[in-house]
Amino acid sequence: MTPQLISIYALCAMFVVATIWPINMGVLAFVGAFLVGTLVAGMTAKDIIAGFPGSLFLTLVGITYLFAIAQNNGTIDWLVQLAVRAVRGRIAAIPWIMFGITAALTAVGAVSPAAVAIIAPIAMGFAARYNINPLLMGLLVIHGAQGGGFSPISIYGGITNTVVAKAGLPLNELFTFFASLGVNLAVAVLLFFLMGGRKLMGTRAAVAGVSGGGEALPPVRVTVAQRGPQAFGDSESESFSEERKLERGLDDPLADERAAPEPMASSRAYQALTLVGLVALAVLVLAFNQDIGFVSITIGLILSLVAPNLQKRAIGQVSWPEIMLITGVSTYVVVLEKMGTISFVGTSVAGLASPMMAALLLCFIGAVVSAFASSTAVLGSLIPLAVPFLQAGTGVNPVGFIGAMAVSSTIVDVSPFSTNGAIVLATAKNVDRDAFFRKLMAYGALVTVVAPVVVWLLFIVL
């Protein structure tokens with residue numbers, strides 16, 4: 001058995017174990033990366049650690065930390081109220097506003113994960129506050145980001161068009177852009193009606209100053225303060241006090257603390273300062289291409305210095321289990337790439353006798369690999385593999401193939417193992433995380449199987 005096949009079987013085993021038992025797959029993936037890397041691929045531990053996605057780790061930590069502060073001090077609630085007033089209480093319009101904003105951001109040049117990281121926490125706050133299906137809200141944010149991702153001036157679009165030009169293939173930038181936008185928009189419409197959109201169309205939130213305001217929906221707490229001794233660091237007395245409160249049945253062990261809040265903790269001035277920080281995050285990341293993880297943590301630190309007691313709660317609200325899962329799987333995928341598993345599979349498929357079948361399988365490979373790894377890397381590596389049969393006059397439309405590959409390799413970013421899916425999972429509030437993860441994984445698996453076939457039929461066969 002070849003090392004490449006062993007690495008694939010090991011990945012399948014991880015999924016089986018994580019499905020049967022409540023074991024974090026990130027732990028399995030880290031162990032798998034170590035065992036497969038050292039025993040099968042002959043890699044050193046240093047080589048394996050080099051594949052740890054430090055940038056993704058910092059992004060997830062920074063974003064969840066900053067928005068935990070924003071949620072704790074009421075800024076997210078404030079933004080939710082302002083947006084509801086803007087749509088005059090029409091709850092059904094909110095998911096589409098999130099879709100449109102993320103699509104616009106990526107279309108003008110924002111990196112897809114950056115756009116999702118900025119919008120998803122706000123969108124999930126809306127979902128929690130107004131009883132919108134959080135899975136619907138998260139998926140529309142991701143599909144919006146992917147929909148705008150292939151404009152001629154976008155990151156994905158620029159990289160894909162460069163790869164196609166270097167390969168000497170025909171290029172149609174607008175076709176790729178509208179193919180991605182059209183498919184993601186169609187999927188978003190379908191999701192909207194399947195996940196409660198029709199019910200939302202008949203619901204309106206009561207808005208001050210707007211006549212005819214409909215049903216006043218009950219407020220939903222967007223964040224839950226961290227519980228357990230770790231919230232208080234090394235202070236045993238405070239942690240013991242907290243446990244006593246829990247024993248007495250108090251729902252919120254920090255109720256006493258909120259009874260005497262810091263002067264700035266919930267004031268409109270502090271919320272305005274937080275809003276300025278969120279705007280600065282968007283500007284620095286989108287306009288000046290700064291790292292979103294470092295910028296998020298920096299802004300979070302500044303806000304924590306203003307109201308220090310918020311910091312100990314926010315750091316505990318960072319989504320550590322999800323971060324462990326995502327970084328573990330990403331590390332294993334890097335091991336697969338270094339030992340040649342991805343290239344092995346791609347080359348085997350490209351050598352098939354039937355060009356049409358090869359095109360379909362390449363779309364499948366792009367979808368499967370991208371669900372766990374970089375979509376940009378997948379596009380850059382698989383398109384060149386298809387050059388020989390695309391140039392051989394075999395009947396495969398090169399423009400259609402590029403459009404199919406673009407959609408297949410990015411629409412699967414809804415997977416919780418991909419950056420965008422991980423961000424939505426990490427920022428989901430007031431949900432059962434395990435159930436939400438399973439739903440996101442199931443949807444990601446469905447898209448990974450169905451999307452390549454659909455775009456293959458639409459853009460290559462027809």
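Please refer to the structure placed before this passage.
So, how was this worked out
Residues numbered from 1 in each chain as written. Predicted model: local features only at pLDDT ≥ 70, side-chain atom pairs only at ≥ 80, totals over all residues. Heavy atoms only, no water. Helix = DSSP H or I, 4+ residues; strand = E, 2+ residues; numbered from the N terminus. Buried < 20%, exposed > 50% of the residue type's maximum accessible area, 1.4 Å probe, protein only. Contact = heavy atoms within 4.5 Å. Areas by Shrake-Rupley, 256 points an atom, 1.4 Å probe, with all protein chains shown as cover. Axes fitted to C-alpha atoms, helices over the stretch in contact; angles between N-to-C directions. Parallel < 35°, antiparallel > 145°, perpendicular 65-115°, else oblique. Left-handed = near helix turned anticlockwise from the far one by under 90°. Nonpolar A, V, L, I, M, F, W, Y, C, P; charged D, E, K, R; others polar. Core = buried A, V, L, I, M, F, W, Y, C linked by side-chain atoms within 4.5 Å. Patch = residues over 30% accessible without salt bridge, like charges linked within 9 Å, V, L, I, M, F, W, Y side chains within 5 Å. Salt bridge = Lys/Arg side-chain N within 4 Å of Asp/Glu carboxyl O. Phe/Tyr/Trp six-rings, centres within 6.5 Å; stacked < 30°, edge-to-face > 60°. Expected span 1.5 Å × (residues − 1).

Engineer: Go over the overall build of the protein chain, please, and point to the residues and values.
Structural biologist: The helix and strand inventory of the protein chain stands at 24 helices and zero strands. Here the protein chain holds 462 residues, and 52% of them are scored as buried. Across the protein chain, contacts joining residues at least 24 apart in sequence account for 78% of those joining residues at least 6 apart. Carbon and sulfur atoms form 68% of the exposed surface of the protein chain, whose accessible area is close to 19,300 Å².

Engineer: Break down the packing of helix H6 (residues 93-107) against helix H7 (residues 112-129) for me, citing the residues and quoting the values.
Structural biologist: The N-to-C vectors of H6 and H7 enclose an angle of 165°; their axes lie 9 Å apart at closest approach. In terms of axis orientation, H6 runs roughly antiparallel to H7. Here the hand of the crossing between H6 and H7 comes out right-handed. Contact residues: Ile94, Met98, Ile101, Thr102, Leu105 and Thr106 in H6; Ser112, Ala115, Ile119, Ala123 and Phe126 in H7. Looking at the contact of H6 with H7 residue by residue, the class counts come to eight nonpolar, three polar and no charged.

Engineer: For the nonpolar core, give the residues involved together with the corresponding values.
Structural biologist: Ile132, Met137, Leu281 and Phe401 are the most contacted members of the largest nonpolar core, which totals 127 residues. At twelve residues, the largest contribution of residues to this core is made by H7.

Engineer: Any chance you could break down the environment of alanine 426 for me, citing the residues and the numbers?
Structural biologist: Counting through the fold element by element, alanine 426 comes out in helix H23 (residues 419-427). C-alpha of alanine 426 to C-alpha of tryptophan 320: the two residues are 106 residues apart in sequence and 8.5 Å apart in space. Aside from chain neighbours lying at most four places away, what touches alanine 426 is Thr64, Ser319 and Arg433.

Engineer: I'd like a rundown of a nonpolar patch on the surface, residues and numbers included.
Structural biologist: Together, Val16, Ile20, Trp21, Ile23, Val27, Val31, Phe34, Leu35, Leu39 and Met324 make up an exposed nonpolar region whose accessible area comes to about 930 Å². Those elements that provide at least two residues to the nonpolar patch are helix H1 (3-20) and helix H2 (25-40). Assignment of secondary structure puts methionine 324 in helix H17 (residues 320-338). Take methionine 324: its relative accessible area is 33%, and that puts it in the partly exposed class.

Engineer: An account of the packing of H2 against H17 is needed here, citing residue identities and associated values.
Structural biologist: The contact between H2 and H17 brings their axes to 7 Å, and the two run at 25°. For the element pair H2 / H17, the angle class is roughly parallel. The element H2 and its partner H17 pack so that their crossing is left-handed. Taking contact as the criterion, the partners of Met25, Gly26, Val27, Ala29, Phe30, Gly32, Ala33, Val36 and Gly37 in H2 are, on H17, Met324, Leu325, Thr327, Gly328, Val329, Thr331, Tyr332 and Val335.

Engineer: Can you break down the packing of aromatic side chains residue by residue, with the values?
Structural biologist: Here a ring pair, both rings aromatic, is described through the centre-centre distance and the interplanar angle of the planes. One pass over the structure, following the stated rule, counts nine aromatic pairs. Seen in terms of ring centroids, phenylalanine 175 and phenylalanine 459 are 5.6 Å apart; in terms of plane orientation they differ by 75°. Their pairing is edge-to-face. Taken together, the residues span a long stretch of sequence, with phenylalanine 175 in helix H10 (residues 173-194) and phenylalanine 459 in helix H24 (residues 433-461) at a distance of 284 residues. Each ring, one from phenylalanine 177 and one from phenylalanine 178, has its centre 5.0 Å from the other, and the planes form 45°; the classification is tilted. On the accessibility criterion, phenylalanine 177 (14% relative accessible area) is buried. Through pairs of rings, three or more aromatic residues link up here, namely Trp96, Phe99, Phe192 and Phe193.

Engineer: Describe helix H8 (residues 134-147), listing the residues and the values that go with them.
Structural biologist: Here H8 spans 20 Å end to end across 14 residues, near enough to the 20 Å set by a 1.5 Å rise per residue. With 13 of 14 residues buried, H8 lies mostly within the body of the structure.

Engineer: Tell me about unusual backbone geometry, residues and numbers included.
Structural biologist: In the Ramachandran plot, asparagine 131 falls in the positive-phi region, its phi being about 55° despite a non-glycine side chain. In this fold, asparagine 131 is placed in the loop between H7 and H8. You will see that asparagine 289, though not glycine, has its phi angle at about 55°, which is positive. Examined against the element boundaries, asparagine 289 turns out to sit in the loop between helix H14 (268-286) and helix H15 (292-306). In this structure asparagine 289 comes out as exposed when scored by relative accessible area, which is 63%.

Engineer: Explain helix H4 (residues 54-72) to me, and be specific about the residues and the numbers.
Structural biologist: In this model, H4 (19 residues) spans 27 Å end to end at C-alpha, consistent with the 27 Å of a helix rising 1.5 Å per residue. Burial analysis of H4 places 16 of its 19 residues in the buried class, the great majority of the element. One or two steps after H4, the chain reaches glycine 74, where phi turns positive at roughly 90°.

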